[in-house]
Amino acid sequence: MNIVERKIRIGDVNPVELFGSHESHLQLIENKFDTAITVRGDTVILRGESAEVRKIESIINELMYTLQRNGSLSLTDVSMIIDLVHGGRAAQQPPLTTEDLDSVILFGKKEVIRARTPKQMEYYQKVRSNDVVFSIGPAGTGKTFLAVAMALSALRANEVSRIILSRPAVEAGESLGFLPGDISEKIDPYLRPLLDALADMVSPDKLKSMLERRIVEIIPLAYMRGRTLNNSFIILDEAQNSTRMQMKMFLTRLGQNSKAIITGDITQVDLAARVESGLLDVHRLFSGIRGIEFLEFGKTDVVRHRLVAEIVEAYERDAARKNASDHSNGGEPRKPSAPSSAE
């Protein structure tokens with residue numbers, strides 16, 4: 001891949017009129033391409049694959065011409081110019097059958113990301129037709145990876161204007177206080193899996209730009225209190241480590257024109273003893289509410305290394321054996337548990 005950097009001077013054109021209020025016009029362009037776009041004063045810096053950079057340069061030149069000719073630019077004008085210059089990403093990808101296209105979630109930077117199993121396809125369809133989806137199941141089923149892909153797809157289609165990714169910062173055997181660095185560095189390991197998922201789908205320069213402009217936010221769950229998230233695609237990962245109050249707090253952040261995916265594995269709760277997971281009773285609380293759906297993955301849906309499915313099954317057998325032993329001794333059945341693992 002030939003990565004180039006190009007600078008475009010916008011001259012006497014008003015940047016706000018060109019790029020829109022809150023850079024809404026610029027975001028339309030960014031959502032269609034992998035190229036990183038940075039605006040510094042009267043200069044636009046493009047960094048990406050050479051063919052894409054040429055297209056974006058043509059789009060910006062056409063936008064400047066239209067603005068100077070008409071005296072204004074609307075979102076409709078911007079969308080039309082993008083469509084005229086941009087031939088469509090699908091043409092850059094290998095040919096796909098009709099069946100393949102139905103399962104495509106996102107054209108990533110390296111590959112087409114699609115639903116690979118019937119359960120993943122059901123996941124995709126439920127997210128498309130509902131505002132809140134709970135995705136519960138073992139590690140390796142693609143819960144988080146596909147959620148991030150669906151969020152990026154919604155952003156590219158201009159269905160939302162930002163993506164919010166969150167996780168509870170709950171210790172899994174190690175003490176947060178003993179980790180080196182300031183609070184930002186301490187919580188980075190908890191949020192790193194979300195960043196890794198994004199990095200698999202978006203070029204480094206584009207991702208850096210999206211994070212700097214807060215088109216994508218990756219934040220600990222506790223930092224979401226008091227916010228109202230409009231026009232957003234929100235993902236809560238590792239939700240089994242949220243408390244009941246935190247789950248309520250998260251769900252009530254949902255604003256107008258927003259979607260939320262909540263993922264977790266109820267067999268891997270790292271909360272302190274006697275603290276109930278907020279993911280345990282969501283089915284009982286929210287069943288029957290229109291717009292909220294549930295999806296449960298099993299070990300047969302694991303799409304990672306073949307050993308992951310066997311590892312999950314081994315833990316399930318061990319939990320069943322311990323429960324049977326507890327029953328035979330007249331004790332209370334144990335809650336299933338397993339070491340924490342990033343989805």
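As the structure is a computational prediction, the values presented were derived from the model and not from experiment. (Residues numbered from 1 in each chain as written. Predicted model: local features only at pLDDT ≥ 70, side-chain atom pairs only at ≥ 80, totals over all residues. Heavy atoms only, no water.)

A few points about helix α2 (residues 24–32)
Part 1: Within α2, 7 of the 9 residues are buried, which leaves it mostly tucked inside the rest of the structure.
Part 2: Every buried residue of α2 is accounted for by His 25, Leu 26, Gln 27, Leu 28, Ile 29, Glu 30 and Asn 31.
Part 3: Tucked inside the fold, the buried residues of α2 contact α1 (15–19), β2 (36–40), α3 (50–70), α4 (75–85), α7 (143–156) and α9 (204–212). (Buried < 20%, exposed > 50% of the residue type's maximum accessible area, 1.4 Å probe, protein only. Helix = DSSP H or I, 4+ residues; strand = E, 2+ residues; numbered from the N terminus. Contact = heavy atoms within 4.5 Å.)

Remarks on the sheet that holds strand β3 (residues 43–49)
Part 1: Pairing is antiparallel in the open sheet, where 3 strands are placed in the order β1-β3-β2. The open sheet is flanked by β1 (3–9) and β2, the only strands paired with a single partner. Strand after strand, the sheet turns through a mean of 15° between neighbouring axes, direction not considered.
Part 2: As paired strands, β2 and β3 are joined by 5 bridges and run antiparallel to one another. Residue pairing for β3: Ile 37 is matched across the bridge by Leu 46.
Part 3: Here α3 sits on the sheet in contact with β1, β2 and β3, set at roughly 150° to β3. (Pairing = 2+ DSSP bridges. Axes fitted to C-alpha atoms, helices over the stretch in contact; angles between N-to-C directions.)

A few points about the confidence of the model for the protein chain
Part 1: Residues of the protein chain with pLDDT of at least 70 account for 82%, and the chain-wide mean is 81.
Part 2: Contacts from residues 172–176, a stretch scored under 50 in pLDDT, to residues over four places away or in other chains number 5 contacts.
Part 3: Scored below 50 in pLDDT, residues 336–343 makes 32 contacts in the model with residues more than four places away or belonging to other chains. (pLDDT = per-residue confidence, 0-100.)

A closer look at the sheet that holds strand β8 (residues 216–220)
Part 1: Here we have 6 strands laid out as an open sheet, ordered β8-β7-β9-β10-β6-β11, and parallel in their pairing. Here the strands that pair on one side only, and so sit at the sheet edges, are β8 and β11 (292–296). Between one strand and the next, the sheet's axes are offset by a mean angle of 15°, whatever the strand orientation.
Part 2: Against the sheet, helix α6 (residues 118–129) makes contact with β6 (132–136), β9 (232–236), β10 (259–264) and β11, and its axis sits at roughly 170° relative to β11, the strand it touches most.

Notes on the side chain of Glu 30
Part 1: Here Glu 30 is to be found in helix α2.
Part 2: Within the structure, Glu 30 has its side chain in polar contact with the side chain of Ser 209 (distance 3.3 Å).
Part 3: With sequence-adjacent residues up to four places away left out, Glu 30 is seen in contact with Ile 37, Lys 206, Ser 209, Arg 213 and Ile 215. (Polar contact = N/O pair within 3.5 Å; in protein donor to acceptor, adjacent residues only side chain to side chain.)

A closer look at the pattern of salt bridges
For side chains bearing opposite charge, pairing can occur when the charged atoms are close.
Part 1: Summed over all chains, the structure comprises 16 salt bridges.
Part 2: With its nearest N and O atoms 3.7 Å apart, the salt bridge here joins Glu 217 to Arg 162. Of this pair, Glu 217 sits in strand β8 while Arg 162 sits in strand β7 (residues 162–167), placing them 55 residues apart in sequence.
Part 3: For Glu 217, a relative accessible area of 5% corresponds to the buried category.
Part 4: Through salt bridges that share partners, Lys 119, Glu 122, Lys 126 and Glu 293 make up one connected network. (Salt bridge = Lys/Arg side-chain N within 4 Å of Asp/Glu carboxyl O.)

With respect to the packing of α2 against α4
Between two packed helices, the angle of one axis relative to the other and the distance separating the axes together describe the packing.
Part 1: Between α2 and α4, the least distance of the axes is 10 Å, while the angle of their chain directions is 25°. Between α2 and α4, the interaxial angle falls into the category roughly parallel. At the point where α2 passes α4, the crossing takes the right-handed sense. Contacts between α2 and α4 involve Ser 24, His 25, Leu 28, Ile 29 and Lys 32 from the former and Leu 75, Val 78, Ser 79 and Ile 82 from the latter. (Parallel < 35°, antiparallel > 145°, perpendicular 65-115°, else oblique. Left-handed = near helix turned anticlockwise from the far one by under 90°.)

With respect to the packing of α6 against α7
Part 1: Orientation of α6 relative to α7, taken along the N-to-C sense of each, is 40°, at an axis distance of 11 Å. Here α6 lies oblique to α7, going by the angle between them. Crossing geometry of α6 relative to α7 is assigned as right-handed. Here Gln 120, Tyr 123, Tyr 124 and Val 127 of α6 lie close against α7, whose contacting residues are Lys 143, Leu 146, Ala 147 and Met 150.

Quick look at the environment of Arg 6
Part 1: Residue placement: Arg 6 occurs in strand β1.
Part 2: The spacing of Arg 6 and Ile 45 is 39 residues in sequence and 5.8 Å in space, taken between C-alpha atoms.
Part 3: In this structure Arg 6 touches Val 44, Ile 45, Leu 46, Val 53, Arg 54 and Glu 57, once residues within four positions along its chain are discounted.
Part 4: In this structure the side chain of Arg 6 is engaged in a polar contact, spanning 3.0 Å, whose partner is the side chain of Glu 57.

Looking at the nonpolar core
Part 1: Counting residues in hydrophobic clusters, the biggest one holds 38 residues, and the most contacted among them are Tyr 123, Met 150, Leu 152, Leu 165 and Phe 233.
Part 2: For this core, the secondary structure elements donating two or more residues are β4 (104–107), α6, α7, β7, α8 (183–199), α9, β8 and β9.
Part 3: Of the residues forming this core, the biggest block, 9 residues, is contributed by α7.
Part 4: Those residues in contact with Tyr 123 that lie beyond four places of it in its chain are Val 133, Ser 135, Gly 142, Lys 143, Leu 146, Ala 147, Met 150, Ile 261, Thr 263, Leu 295 and Phe 297.
Part 5: Counting 24 residues, the second largest nonpolar core, distinct from the first, contains Phe 33, Leu 63, Leu 67 and Val 78. (Core = buried A, V, L, I, M, F, W, Y, C linked by side-chain atoms within 4.5 Å.)

So, unusual backbone geometry
Part 1: Although it is not a glycine, Arg 214 sits at a positive phi angle of roughly 60°.
Part 2: The residue Arg 214 is located in the loop between α9 and β8 in this model.
Part 3: By relative accessible area, Arg 214 is classed as exposed at 52%.
Part 4: Its identity as a non-glycine residue notwithstanding, Asn 257 has a phi of 55°, on the positive side.
Part 5: Position of Asn 257 among the secondary structure elements: in the loop between α10 (244–251) and β10.

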